[in-house]
Every structure is written in C-alpha cells, then in structure tokens.
Amino acid sequence: MLDKTYNPADTETRQYERWERAGAFACNRRPGAETYCIVIPPPNVTGSLHMGHALNNTLQDILVRYKRMRGFEVLWQPGTDHAGIATQMVVERQLALEQKDRRGMGRAAFLGRVWKWKAESGGTISRQLRRLGASCDWSRERFTMDEGLSKAVLKVFVDLYRAGLIYKDKRLVNWDTRFESAISDLEVENREIDGHLWHFKYPVEGETGAFITIATTRPETMLADTAVAVHPNDERYRALVGKHVILPLVGRRIPIVADEYADPEQGSGAVKITPAHDFNDFEVGVRHKLPHVNILDSHGVLNENAPAAYRGLDRFEARKKVVADLEALGLVEKIVPHKHVVPHGDRSGTVIEPWLTDQWYVDAKKLAVEAIAMVEQGRTKFVPKTWEKTYFEWMRNIQPWCISRQLWWGHQIPAWYGADGKVFVALTEAEARADARAAYGQDVPLSRDEDVLDTWFSSALWPFSTLGWPDQTPELKRFYPTSVLVTGFDIIFFWVARMMMMGLHFTGDIPFRDVYVHALVRDARGQKMSKSKGNIIDPLELIDKFGADALRFTLAAMAAQGRDVKLAESRVEGYRNFATKLWNAARFCEMNECRPVPGFDPATVTTTLNRWIVGEAAAALAAVAQGIESYRFNEAAAAAYRFTWATFCDWYIEFAKPALTGEDAAAKAETRATAAWALDMILHMLAPMMPFVTEEIFERFFAADGRLLMLDPWPTPDAGWGDAAASAEMDWVVRIVTEVRSVRSEMNVPAGAKVPLSLMGASAETAARLERHRDVIVRLARLERVTLGGDVPKGAAQIVLDEATLVLPLAGIIDIAAERARLEREVKKLAGEIAGIDKKLANPAFVAKAPEEVVEEQRERRVDAEAASRRLMQAVARLA
C-alpha cells in the first residue's frame, strides 16, 4: 500500500541506490543496439552544483533516460575538469592559512598537495549530480588530468607542434597580475566603473604652440605610446598625417598615422596608440609596423622601459604621478568623469592588463576551416539554429589561441630548452634528450618549460579522449561521434568550437551531431543571478525543500528554446504539488483496486470513456516523445502535465467513479484495468523528467518482478489505440462542464448554489450525448438539472457551444447588474494598464535604458493583461 504522503527525501536516496546496484546507468548492456552518447560538460573539480549545472544536467538526463527506454545503447560519459586557476587558488588559500606559499614549498610538493586535496574534496559535484538524479555511467568517470587524458593531451600537443599548428609568439594576452598568468576571455569579468577620461596635449614636432589632443582612461600607458592615430577622412588632421609628436614625459618622437580605428566622433578624434598595452592598438601597430614598448612587469609594476622617475611604481600609483606631472607641464586639457567598462579577473578580482609576453599558440584559423564547413554542410546542427550565426562569426574571425598559462596545476607543456633557447617538443623527456643529442652532437642540460596548458586545451579533446583515444578502444569505435552536446551559449566559442576543431583534426570526424544550446537560468524577475545581487537560488536547497523531481520538472517545463528560464521558488513548489497529485492518483487507483492486468490490450476496451483515455494516452505519449526528440523540453513537459493532471486526474478519474462504484461488473473490471494501464503510461512518459516518484510508484504498483521503470520499454501506440468518436464525445463533455464552471467562477456564483441548465438548438447527436452523460455533467458542473429547449429567461448567462446555446438562469442567484458593472470596471482597469505599458514600450528612451529583463517583463505583463481583458469581455457578453 502506498503511503498517505509522498516523501521525496527517502525515495530519492533509496531509488538512486537501487539503480546503481542494478548497474542501470552502465553502457554496453545492449550489444547490437543503436548507440546514443552524450559527454557531460565537465564541471570544475572545485565546483558545487549551481542552477546552470541543474538545468544543463537535467536536460541531458531527460535525453539519456528517454533513449534508454527507446532501446538504445546509451552512454552518458561523466567527468570533471581540473580547473587550473580555480583549483590552484583553493589550495593556495589553504596554504596561506598555514603561513605557507607554493614557491616556498616547490613545484613537486605543491602538486602533491593539490592531488591530496583532489582526493579528499574533489568529488563534491559528482555526489551532488547524483542527488539531481543524473544517470551517468559513473564507472567510466574521467578527470582531465587522469593518466589516459594526459596521454591524449601530450600526443595532441606534440602532433600539432610537429605539423606547424602550435608555435610560440610574442602577443598581447589577458594578464592577471595577481596570478601572474595569462587567462582566457571567459575568465575575464567586465565591470562598469565610474572613472575619468583624461585629455592630454601632445606637442607637434617643429610647430611651436601646436598640439594634438588625445583622450585616455589609462594615463600610465601613455609612457608606452608609439603613435597617435587619426581617421584618414578626418579633415581636421589631414595635414598632420606623416608628421610626429614628441611624447611628453618620455621625449620619444612618435608618428601621426592615418587609421580607420580612430573614430572622428569620439573625443578629439585622435587616439594614442600603445601596441604593448591595448588589444586594438596592437592591431594598429601591426598595420603600421610600430614598435612595442612594454612598460610593465608581471606584477603590474613599471619596469626599466619606463622613464626613471616611474620605475618601480605600481601601475595605479604611476597613473597618479603621470597626471600630476602632465598638469605641472600644462599638458592636461581637461579631466571628464567617465563611466566605462574595465576587465577584472573573475577569480582574483584584479584589473586585467593587456600584456605583451611570449606564449604558446594554436593556429586556430587553419583548424577552423573544416570546423566551419561541417556546420555549413549540416553534419553538425545547432539547436536553435540561430546559434549557427554566432558560431560562424567567431570562427570566421578567429585569432591565434593562446594555450599557455603561468601556473603549476595543469598539464605541463612538453617542451624542453637547450642553453641557447632551442626548443625540443616531445612526448617524454627521454625523447627530448635524444632530439637534443642529435641537434648538438652530445648530451646537454635541458630545462623544461614551466608553463601549463590552458584548461580549455584538454577540454577540447573531451568527446574522444574520454572514450579512450589515442587508443582505438571499443567505446571509441562504438560511441564516437557522440549524439548531442548540451551546453550554454557562453562557451560556444571557448569549448564547442575547439572540440569541433580538435575532433575533426584527430579523428577525422565531427565530435557530435547536434549541439543543443540552452538559455540562462535567471531569477523570477529575469535578472541574472549573482552574489552581489543576493539573488542566487541554490538547487540543493530546492531539492531539500521540494524534491529533485519538482526541480527537474520545473526546469524542463521552462526550457523553451531561445528563452531564458525565469525561476521562482513558487514554480518549484507548484511542481512538487504535481508530484503529490500523481502520488494521490496512484493511491486512488490502488484503493479502487485498479491493478495491472497481465496481457491487457488497450485496443480492446469497449466503453466510450475507456476508449477516450486510451486515445488521449497515445496522443500524450507521442507529444512527449516528439518534444524530447526535437529538444523542445517545455513542450514535452507540458504534454505530460496536461495528460496527467487535467485529462487523467481531473477528468478521467471523476468520469470513472460511477463505473468503479457501480454494479456493472464488466464495466468495473474494464475501467479498473484501463485506469491501471493509463497510470502506467503516465509513469513511462514522466520517467525521463521525474524519475524518482515514477520509479517509486512503478516499483510498488507494477514491478512485482523487481524490474526497473528506467529500463522498461517506451510504450509504442498502435492504430487501434485511437477512437475519434469517443474522443469527440468526451471532449464535448469536458467542454460543457468547463464552460459552466467558467461562468460560475467569472460571475461569482456561490459554490453551493445549484443552477439549472438548458440547451437550446441542440442537434440530435448533442441530445444523445447529453442523455448518456447527464448525471456526470450535473455532478461535476454542480447543476440542479439539465434540460433541452425552453425560453431564455431574463438575467441568464448564455454560452455558445458548437451548434447549441447553453443557458444558465442566474437572476435571483447573483445581482446581474452589479456583476456586469464589476466586470466592466475590471475591463476598464486592464485597458488602462495595457495603455500604460504600451506608452512605456513606445518610448525609445525606456527601451534603450531599461534592463532587458525589465522590458521583457513589461511585454509579458501586457500579454497577460490582454488575455484577462478578453476573458472578462467575453463574460460581459454572456450576460447581454
């Protein structure tokens, strides 16, 4: 017997352990079956489950659970990322508490400490994914620095180097002065700050009293200027192009060049060019063959390339001195308050410095050619398709990929240097020494490159390295290319594009056939979640409070393609109530002896009611399957929800009560068997989305043999499951009850009032339907009686239903005039609200300045108000 109430906490732990004991998540269970494979986007080993993980992994789990039920050989490949900076930072913080630092303890000892931390604390996110219900094949869990993946990383680096696709170069990078390392664009957080725009006057060489004014937000970098640029079509400066200015404080003679980078509409129209400290200026420098003057060291302190007066100063102290010294020379034209965006390290919090340094690069432009072609040809498809444009824009404008990091935790670059700087790249030190011996004619001391590889380098190999590459394993042969990648839009370039490039280059095939790009999870008002806003929603807290199924179903129900998820706790609570509704429906079936009947064939049921529910179940199963197959998870969830809550619980169970309690033994037996079968169909269609509660009910109700719902076949409806006549008839019953209930609610008819109903203009078919279902209509619509024909009394509500008119005499039950006046007031109020919203949305200033989520909220409010207004106007019309 099912318990009176559903307890998610007990059920989830027990059912997950049951699945794991049974090996239900393991691949290679179905030799010869069609394969389906997803590689999990590896979360950082330092991470804890956040709402983005919850959405991403819920959608993946829905797909793999569904495909298992469809008979596929499924592999959901799990694993974690070593997360270079994040992990090193965690361990360095621990060391700081012990008054230690990594440089003092040495590289080997520090790495030993990191591996110790990983062994003790690195499994947190994997345990949390289990709480969500993730059905990964945990026996195959990988780590981006495990032995096999490290072997793959070394081979890829060496092969690309030997092919001329990896090289060393001096270029600008995002430099974190705290970590003293290059970082990726994804690790840069752009913050808007209140700063200043300083306008400096640079003297034109040979023209006494002539100046050209430039504006900058970073005065200290002017010490590294090597040119001033103006737009070639800017008439103000045409005569100055080709001349020189004398750089104040430095005395360096620098040219005035014509370049389209200069914007005549911005500031004075002239810009200082600092190729060693600005990404745009670097490109200008390349075009005009300008020198690169790097005035900063790795700590952000001015170095020997700066004038003596500024050497040894921190960059921000140097800024103050530069401004003061220029003011003393009378070369500051003005200082204007200026709000602008400044890049910060997302982990260090320090201002990121564009810094010129030697780094290792991948020739991404060459590797991108085939990766672009595969998407153009449809070999790999983006869903929604609109993301292809983003992919192409990035790939067609791709820059060299900086892959070296000045860290200790990570894959150390397999490059060794001779005393003269000659580099030897090899899989092992022994190979490098052999290469050096051949080059120098004798054994020589070699020093290994201290840098490690960008975390995204190893992640780029994830789809094939996790399957065993470079070894030709059975899993690689069977599961590659993978079926779909489920990911967020923010890493299309950083991860998706690089997996495409690496997969194609090293396996000769695409890494995945589909890329499903989901949106962001925002708070209830549509704002991005952040610690500073205090609006972060913890998925584990929601699981504790409402159960994993409620959270999973919420995320699925709101995962409309191309639309961010606006998550409110009330929505999760609502879907917890949905799980409770399902549980109570199962208890109703149990108490009314609706038990599964071996060999039951839904195509053979005879009553209109049972033929109807069989057809509805078939339609719902098809809609859920279509939704999942097309990555329209919200549509799949909506179809399952409608059938479960509305069709089965609200209507079928109510319609079935007379048969279940009546004297007709045959009707009772058929209805019991059909109800149990329909419940079984519900459990199957909900299992991918709500695996815990469905498995619990299935185990207690249907699985005396111990079989698992998650491995049970997905039901396949046949043509005999549908009955158009039964569907039309029961649809009519549902609509007549719904219309009467709607009028009662809109007109504030007291719940206990029994109202007579008459049908005017009814056809013979409608009259026959009424006769067959009169009792259930009277009961569910809370009517006194239902009759055919008659006159329309004064003060009656009229409802058109097909060819007939439903007449509800309400005079004496409600105050008709007062109700009409109330409804008209509500309509007027909504009209005012709609007009106010329209005025806001028609205001270009509001649309331009208001946050995107606020504008979207206004649009949604308008849609809701318009729908409410239509309903109320319809109610007024019914009283006419």
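Preceding block: the structure.
Definitions and cut-offs
Residues numbered from 1 in each chain as written. Predicted model: local features only at pLDDT ≥ 70, side-chain atom pairs only at ≥ 80, totals over all residues. Heavy atoms only, no water. Helix = DSSP H or I, 4+ residues; strand = E, 2+ residues; numbered from the N terminus. Buried < 20%, exposed > 50% of the residue type's maximum accessible area, 1.4 Å probe, protein only. Contact = heavy atoms within 4.5 Å. Areas by Shrake-Rupley, 256 points an atom, 1.4 Å probe, with all protein chains shown as cover. Lys, Arg positive; Asp, Glu negative; His and termini not counted. Charge placed at Lys NZ, Arg CZ, Asp CG, Glu CD. Pairing = 2+ DSSP bridges. Salt bridge = Lys/Arg side-chain N within 4 Å of Asp/Glu carboxyl O. Axes fitted to C-alpha atoms, helices over the stretch in contact; angles between N-to-C directions. Patch = residues over 30% accessible without salt bridge, like charges linked within 9 Å, V, L, I, M, F, W, Y side chains within 5 Å. Phe/Tyr/Trp six-rings, centres within 6.5 Å; stacked < 30°, edge-to-face > 60°. Lys NZ or Arg CZ within 6 Å of the ring centre and 35° of its normal. Parallel < 35°, antiparallel > 145°, perpendicular 65-115°, else oblique. Left-handed = near helix turned anticlockwise from the far one by under 90°. Nonpolar A, V, L, I, M, F, W, Y, C, P; charged D, E, K, R; others polar. Disulfide = S-S within 2.5 Å. Expected span 1.5 Å × (residues − 1).

Caption draft 1: Region of interest: the overall build of the protein. Scanning the protein from N- to C-terminus turns up 28 helices and 29 strands. Within the protein, the fraction of its 880 residues that count as buried is 54%. Excluding contacts between residues fewer than 6 apart, the proportion of contacts in the protein whose partners are at least 24 apart in sequence is 77%. Accessible area of the protein: about 37900 Å², with a carbon and sulfur share of 51%. Here the protein contributes 112 positive and 119 negative side-chain charges, whose respective centroids are spaced 2 Å apart.

Caption draft 2: Structural detail: the pairing of strand β27 (residues 783–788). Two elements, strand β26 (residues 755–760) and β27, share four bridges in a ladder whose sense is parallel. What sits directly across from S758, in β27, is T787.

Caption draft 3: The arrangement of the side chain of E12 in detail. With respect to the helices, strands and loops of the structure, E12 is situated in helix α1 (residues 8–21). Salt bridges are absent for the buried E12, whose nearest opposite-charge side chain, R131, sits at 5.2 Å. With residues near it in sequence (within four places) discarded, E12 still touches I543, G547, A548, D549 and F692.

Caption draft 4: Representation of the sheet that holds strand β20 (residues 447–448) in the model. Taking strand neighbours across the sheet as the criterion, the three strands line up as β19-β18-β20 in an open arrangement whose pairing is antiparallel. Every other strand in the sheet has two partners, leaving β19 (423–425) and β20 as the edge strands with one partner each. Strands β18 (415–417) and β19 of the sheet are contacted by helix α12 (residues 429–440), whose axis makes an angle of about 140 degrees with β19.

Caption draft 5: How the structure looks around the environment of F698. Examined against the element boundaries, F698 turns out to sit in helix α23 (residues 691–701). Considering only alpha carbons, one finds F698 and A687, 11 residues apart in sequence, at a separation of 9.9 Å. With sequence-adjacent residues up to four places away left out, F698 is seen in contact with D680, L683, H684, A703, R707, L708, L709 and D712.

Caption draft 6: Representation of the pattern of salt bridges. Tallying each qualifying case throughout the model produces 66 salt bridges. Among the salt bridges present, the one from R319 reaches E220, with a minimum N-O distance of 2.7 Å. Of this pair, R319 sits in helix α9 (residues 315–328) while E220 sits in the loop between β8 (211–216) and β9 (227–230), placing them 99 residues apart in sequence. Both residues of the pair, R319 and E220, count as buried. The salt bridge involving E353 is made with R315; its shortest N-O contact spans 2.7 Å. A residue pair is termed long-range when its members are at least 10 positions apart, and E353 in strand β14 (residues 353–362) and R315 in helix α9 qualify at 38 residues. Through salt bridges with shared partners, a single network forms among D3, R14, R18, E695, E696, E699 and R700.

Caption draft 7: Spatial organisation of a positive patch on the surface. Side chains of R93, R178, R347 and K531 sit close together on the surface and give a patch of like positive charge. Of the residues examined, R93 reaches a relative accessible area of 48% and is grouped as partly exposed.

Caption draft 8: Seen up close, the sheet that holds strand β13 (residues 332–345). Sheet architecture is open: three strands sit in the order β8-β7-β13, paired in antiparallel fashion. Each end of this open sheet is capped by a strand with a single partner; those strands are β8 and β13. For this sheet, the mean angle separating the axes of adjacent strands, direction not counted, is 20 degrees. Looking at chain direction, strand β7 (residues 188–203) and β8 are connected through six bridges and run antiparallel. Each bridged residue has a counterpart across the sheet, and for W198 the counterpart in β8 is T216. Against the sheet, α9 touches β7 and β13, its axis set at about 165 degrees to β13.

Caption draft 9: Broad picture of the environment of A308. Residue placement: A308 occurs in the loop between α8 (279–288) and α9. Sequence separation between A308 and V250 is 58 residues; the distance between their C-alpha atoms is 9.7 Å.

Caption draft 10: Highlighting unusual backbone geometry. Following W469, the chain continues into P470 via a peptide bond in cis, with omega recorded as 15 degrees. Here P470 lies in the loop between α14 (462–465) and α15 (474–479). The backbone phi angle of Y631 is positive, close to 60 degrees, even though this residue is not glycine. Following the sequence through the fold, Y631 ends up in the loop between α20 (608–629) and α21 (633–661). One non-glycine residue, N748, adopts positive backbone phi at about 55 degrees. Assignment of secondary structure puts N748 in the loop between α24 (724–746) and β26. Residue N748 is classed as partly exposed on the basis of its relative accessible area of 44%.

Caption draft 11: Local environment of the environment of Q128. If you trace the backbone, Q128 turns up in helix α6 (residues 124–132). The buried category is assigned to Q128, whose relative accessible area is 13%. Spatially, the C-alpha atom of Q128 lies 31 Å from that of L621, the residues being 493 residues apart in sequence. Setting aside residues up to four positions removed in sequence, Q128 forms contacts with S48, L49 and L540.

Caption draft 12: View of the packing of aromatic side chains. Throughout the structure, instances matching the rule amount to 44 aromatic pairs. Consider the rings of F578 and W645, whose centres lie 6.2 Å apart with planes at 25 degrees: the pair is stacked. With a gap of 67 residues between them, F578 in helix α19 (residues 569–591) and W645 in helix α21 connect regions that are remote in the sequence. Considering the side-chain rings of F701 and F702, the 5.0 Å spacing of their centres and the 50 degrees angle between planes classify their relative orientation as tilted. Three or more aromatic residues joined by ring pairs form one cluster here, namely F157, Y161, W360, W401 and F457. Over the ring of F211 we find K201; its NZ or CZ atom is 5.0 Å from the centre of that ring. When the ring centre of F701 is taken as origin, the NZ or CZ atom of R595, which lies over that ring, is 4.8 Å away.

Caption draft 13: Representation of the packing of helix α18 (residues 548–557) against α19 within the structure. In the contact formed by α18 and α19, the axes pass within 8 Å of each other and the chain directions differ by 115 degrees. Considering the angle they form, α18 stands roughly perpendicular to α19. Crossing of α18 over α19 shows right-handed handedness. Here A550, L551, F553, T554 and A557 of α18 lie close against α19, whose contacting residues are R571, V572, Y575, R576 and F578. A per-class count over the contact of α18 with α19 returns seven nonpolar, one polar and two charged.

Caption draft 14: Local environment of the packing of helix α7 (residues 147–162) against helix α16 (residues 492–507). Running from N to C, α7 and α16 cross one another at 80 degrees; their axes reach a closest spacing of 12 Å. Judged by the angle between their axes, α7 and α16 are roughly perpendicular. When α7 is examined against α16, the residues V156, D159 and L160 are found in contact with a partner set consisting of M502, H505 and F506. Across the contact of α7 with α16, the residue classes tally to four nonpolar, one polar and one charged.

Caption draft 15: Region of the structure containing the state of the cysteines. Going through the model one piece at a time under the given rule, you end up with zero disulfides. C27 supplies the cysteine sulfur nearest to C37, a cysteine that is in no disulfide, at a spacing of 8.4 Å. C594 supplies the cysteine sulfur nearest to C589, a cysteine that is in no disulfide, at a spacing of 4.7 Å. Judged by relative accessible area, C589 falls into the buried class, the value being 1%.

Caption draft 16: How the structure looks around α19. Helix length check: α19, at 23 residues, gives a terminal C-alpha distance of 33 Å against a target of 33 Å (1.5 Å per residue), a fit within 8%. Residues V572, Y575, F578, A579, L582, W583, A585, A586, R587, F588, C589 and E590 constitute the buried set of α19. The inward-facing, buried residues of α19 contact α17 (539–546), α18, α21, α22 (665–686) and α23.

Taken by themselves, the reported measurements are silent on function.
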